[in-house]
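Below, each chain spelled out in residue letters.
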Amino acid sequence: LENFFILEGEAENNNTPSSEKTLPYLSSNLNADWTIYSTTENNPWSQGSSYTQATGYQNWDGTGSKYNKEVDGYLISPAINTKCESGKVKINFDQTIRYTNNVSGWENNHKVYISGNYDGQNFDAATWEELPYKPEASPYTDWTLYNSGDIQIPDAYVGQDSIYVAFWFHAPASASTTWELE
């Protein structure tokens, strides 16, 4: 997630005004320090060497044949420090959402949440607030990624030592989209 977060304003440590600062997510892979939490028996999220994706259409039984299953789960960021003297914190990421024509109401199956009280382990004990993310179908017919656009982080989460962002995905048993993040 290159340029995952953008901080605008003055950084607390150096009081240097800046129009844009980014947190150190410079690798395109989300394997390091990210957590997967599944709320169904089967996990929709998988991690490759250069991507992380969620889908309900997988080889669930190891036979080599793919089929749909109802799945639900979260991809959770590592702790993120948003301490700033002033300014706005936004999130943006590169993604693709494919096979949207397969699922009626697919837009409701891709959400982004934020928490200021997640302890890094007990997902259900934390309070999660939905962010104003509007999923859009990929404009491409291949796996080309496009930017999500900026999503404003609420002021209540600015100035904290540890916030977490969670990407939520759901697929019904009948069909599935595929959501790839990089």
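Each chain carries its own residue numbering, running from 1 in the direction its sequence is written. Only residues with pLDDT of at least 70 are given local features in this predicted model, and only at 80 or more are side-chain atom pairs given and counted; all residues enter the totals for whole chains, interfaces and linings. Side-chain descriptors were evaluated using all non-hydrogen atoms of the structure, hydrogens and water having been removed beforehand.

1. Looking at the packing of aromatic side chains
So, point 1. Ring pairs are drawn from Phe, Tyr and Trp, using the six-membered ring of Trp, whenever the two centres fall within 6.5 Å, and their geometry is named by plane angle: stacked under 30 degrees, edge-to-face over 60, tilted for the rest. Scanning all chains against the criterion turns up 15 aromatic pairs.
So, point 2. Between the aromatic rings of Trp-34 and Phe-167, the centroid separation amounts to 6.3 Å while the plane-to-plane angle is 35°, which identifies the pairing as tilted. Highlighted residues: Trp-34 in the loop between strand 2 (17–22) and strand 3 (35–38) and Phe-167 in strand 16 (residues 164–171), separated in sequence by 133 residues.
So, point 3. Relative accessibility thresholds used throughout: buried, under 20% of the residue-type maximum; exposed, over 50%; partly exposed, between the two (1.4 Å probe, protein chains only). The class of Trp-34 is buried, set by a relative accessible area of 8%.
So, point 4. In this structure, Arg-98 packs its charged tip against the face of Trp-143, placed 4.7 Å from the ring centre. Going along the chain from the N terminus, every DSSP run of H or I of four or more residues is numbered as a helix, and every run of E of two or more is numbered as a strand. By the criterion adopted, a ring carries a charge over it if an Arg CZ or a Lys NZ lies within 6 Å of its centre and within 35 degrees of its normal.

2. Observations concerning unusual backbone geometry
So, point 1. Here Tyr-99, not a glycine, exhibits a phi torsion of approximately 65°, which is positive.
So, point 2. Inspection of the secondary structure assignment puts Tyr-99 in the loop between strand 11 (94–98) and strand 12 (110–115).
So, point 3. A relative accessible area of 36% means that Tyr-99 is categorised as partly exposed.

3. Quick word on the nonpolar core
So, point 1. Counting residues in hydrophobic clusters, the biggest one holds 29 residues, and the most contacted among them are Trp-45, Ile-91, Phe-93, Val-112, Phe-167 and Trp-179.
So, point 2. Elements supplying a minimum of two residues to this core: strand 8 (71–76), strand 10 (89–91), strand 12, strand 16 and strand 17 (178–181).
So, point 3. Per-element tally for this core: the top contributor is strand 16, with four residues.
So, point 4. By definition, residues are in contact when any of their heavy atoms lie within 4.5 Å. Discounting residues that sit within four places of it in the chain, Val-112 has contacts with Phe-93, Glu-129, Glu-130, Leu-131, Tyr-133, Val-165, Ala-166, Phe-167 and Trp-179.
So, point 5. Buried Ala, Val, Leu, Ile, Met, Phe, Trp, Tyr and Cys residues form a nonpolar core when they are joined through side-chain atoms within 4.5 Å. Tyr-74, Ala-126, Tyr-164 and Ala-166 belong to the second-largest nonpolar core, a separate cluster that totals ten residues.

4. A short note on the sheet that holds strand 14 (residues 146–147)
So, point 1. Read from one edge of the open sheet, five strands run 4-5-17-11-14, paired in antiparallel fashion. Either end of the sheet is taken by a strand with one partner, and the two such strands are strand 4 (45–47) and strand 14.
So, point 2. Relative to strand 17, strand 11 is paired through four bridges, and the arrangement is antiparallel. Counterpart to Thr-96 in the pairing with strand 17 is Glu-180. Only strands that DSSP links by at least two bridges are regarded as paired with each other.

5. Topic: the environment of Leu-181
So, point 1. Of note, Leu-181 is situated in strand 17.
So, point 2. Considered as a pair, Leu-181 and Ser-50 are 131 residues apart in the sequence and their alpha carbons are 9.3 Å apart.

6. Some remarks on the pattern of salt bridges
Think of it this way: side chains of opposite charge can pair up when their charged atoms draw near.
So, point 1. Only one rule defines a salt bridge in this text: a Lys or Arg side-chain nitrogen within 4 Å of an Asp or Glu carboxyl oxygen. In total, this model carries three salt bridges according to the counting rule given.
So, point 2. Close ionic contact of Lys-111 with Glu-130 constitutes a salt bridge, the shortest N to O distance being 4.0 Å. Placement of Lys-111 in strand 12 and of Glu-130 in strand 13 (residues 129–130) is noted, with a sequence separation of 19 residues between them.

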